[in-house]
Amino acid sequence: QYLDKGILRASCFFQKGEKSQNPVCHNHRRCDCYLGYSNFIGNPSASFFGEKRVFRIPQKRKWQAIFLDFDGVLTENGSLRKGLPKLLEMLSAACHLYLATARSFSSVRRALGQSYAFFSGGVFFDGAYILDRQSGLTVCQPILPPEKEEMERQLAGRRRTEQYFQGELLRIGLPTSLARQIEPHSLRQREYGARTYFQAAKGSKASGIERIMSKWGWAKEEVLVMTDNPQDSELLHRFPYTAVPLHQPELAEQAYYTLNAEHLPLITEPVQKGFR
């Protein structure tokens with residue numbers, strides 16, 4: 001496909017003599033030699049291999065922290081990914097490890113079991129609750145009484161669920177068909193199939209991640225954020241280093257990396273943990 005676009009640098013491994021000056025290879029319909037393929041301008045594998053892609057050796061970065069979505073990143077077909085405890089152990093030894101998920105804190109902790117110990121905390125309820133055990137950071141972004149009263153007015157007599165954490169109302173859940181009928185409001189709205197949740201506007205995954213980064217003094221270039229949620233475009237555009245799993249090819253153009261969680265050690269170089 002790249003041959004037709006004329007973006008092959010001279011010279012191709014297979015081209016000889018004067019042909020090597022031609023930027024487009026005419027000898028083959030496609031390039032399947034990794035030595036020649038490494039010369040493509042705009043090579044989609046460049047973000048993974050960097051300057052070492054000709055040898056197929058991934059380039060490694062010193063992430064201060066990695067933020068991982070739960071469903072679709074740490075799970076596969078509804079179950080925890082195979083070998084997940086060992087993977088989390090490796091990553092947590094190299095850098096700080098956090099969750100960034102729409103799930104509740106208790107739900108994720110229960111699902112991970114003993115493997116939760118590898119995480120320093122995370123951003124839960126889509127950013128309505130932020131936790132960093134090591135720095136002592138704990139933040140709730142509750143739905144305020146005026147906002148709740150407005151929702152109650154619109155939902156009078158209709159069924160809804162309310163999610164509380166530490167005594168604070170963090171989210172209101174509605175059937176999506178009903179949520180789409182709600183009048184304009186100030187709450188953040190997140191749709192997950194047949195269920196839609198409303199939460200405080202200032203609570204988001206991106207703001208939660210930035211809150212943890214600020215506590216430690218990390219720059220955006222020092223963290224990696226991985227998600228499989230199409231609604232997380234804000235994350236994919238707000239942070240320079242992002243990753244999406246292989247099963248979400250439609251998000252690949254928005255992310256820096258396209259890989260699965262088990263590939264993360266290949267691009268992670270250990271750092272010395274601690275405050276600056």
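Everything discussed here concerns the structure shown above.
Residues numbered from 1 in each chain as written. Predicted model: local features only at pLDDT ≥ 70, side-chain atom pairs only at ≥ 80, totals over all residues. Heavy atoms only, no water.

Another aspect to go through is the sheet that holds strand β11 (residues 195–199). Strand order in the open sheet formed by four strands is β8-β9-β11-β10, and the pairing between neighbours is antiparallel. Taken across any chain shown, the strands that pair with only one partner, and hence form the sheet edges, are β8 (161–165) and β10 (188–192). The average undirected angle you get between the axes of adjacent strands in this sheet is 25°. Docked against the sheet, helix α6 (residues 145–154) engages β8, β9 (168–175) and β11, running at close to 20° with respect to β9. (Pairing = 2+ DSSP bridges. Helix = DSSP H or I, 4+ residues; strand = E, 2+ residues; numbered from the N terminus. Axes fitted to C-alpha atoms, helices over the stretch in contact; angles between N-to-C directions. Contact = heavy atoms within 4.5 Å.)

Taken as a whole and judged by the stated rule, the model has 15 aromatic pairs. Taking the centre distance of 6.1 Å and the plane angle of 55° together, the rings of phenylalanine 125 and phenylalanine 165 count as tilted. With phenylalanine 125 in the loop between β5 (121–124) and β6 (129–132) and phenylalanine 165 in strand β8, the pair connects residues that are 40 residues apart, well separated along the chain. This pair shows no difference in class: phenylalanine 125 is buried, exactly as phenylalanine 165 is. (Phe/Tyr/Trp six-rings, centres within 6.5 Å; stacked < 30°, edge-to-face > 60°. Buried < 20%, exposed > 50% of the residue type's maximum accessible area, 1.4 Å probe, protein only.)

Where helix α5 (residues 105–112) is concerned, the buried positions are Phe105, Ser107, Val108 and Leu112. One face of α5 carries all of its buried residues, which in axial projection span an arc of 165°. At the C-terminal side of α5, glycine 113 shows a positive phi close to 60°. (Arc of directions from axis to C-beta.)

If you walk across this open sheet you meet the eight strands as β7-β6-β5-β4-β1-β12-β13-β14, and the pairing is mixed. This sheet does not close on itself; its edge strands, each paired only once, are β7 (137–140) and β14 (257–258). Strands β1 (65–68), β4 (96–100), β5, β6, β7 and β12 (223–226) of the sheet are contacted by helix α8 (residues 205–216), whose axis makes an angle of about 30° with β6.

Of note in this structure, phenylalanine 125 is not a glycine but carries a positive phi near 50°. With a phi close to 50°, glutamine 166 is a non-glycine residue in the positive phi region. Mapping glutamine 166 onto the fold places it in the loop between β8 and β9. When its relative accessible area of 56% is taken as the criterion, glutamine 166 is described as exposed.

Moving on, we get to the pattern of salt bridges. Applying the stated criterion to the full structure yields 19 salt bridges. Here arginine 153 and glutamate 183 are joined by a salt bridge, their closest N and O atoms 3.5 Å apart. Highlighted residues: arginine 153 in helix α6 and glutamate 183 in the loop between α7 (176–179) and β10, separated in sequence by 30 residues. Residue glutamate 183 is classed as partly exposed on the basis of its relative accessible area, which comes to 43%. Among the ionic pairs, lysine 220 bridges to glutamate 210, the shortest N-O distance being 3.3 Å. (Salt bridge = Lys/Arg side-chain N within 4 Å of Asp/Glu carboxyl O.)

With respect to burial, β4 is a largely interior element, five of its five residues being buried. Neither face of β4 is exposed, since His96, Tyr98 and Ala100 on one face and Leu97 and Leu99 on the opposite face are all buried. Across four bridges, the pairing between β1 and β4 is parallel. Bridge assignment links isoleucine 66 to a residue of β4, and that residue is leucine 97. Two strands pair when backbone bridges link them, and β4 and β5 are joined in this way by three bridges, in the parallel orientation. Within β5, the position partnered with tyrosine 98 by the bridge is glycine 121.

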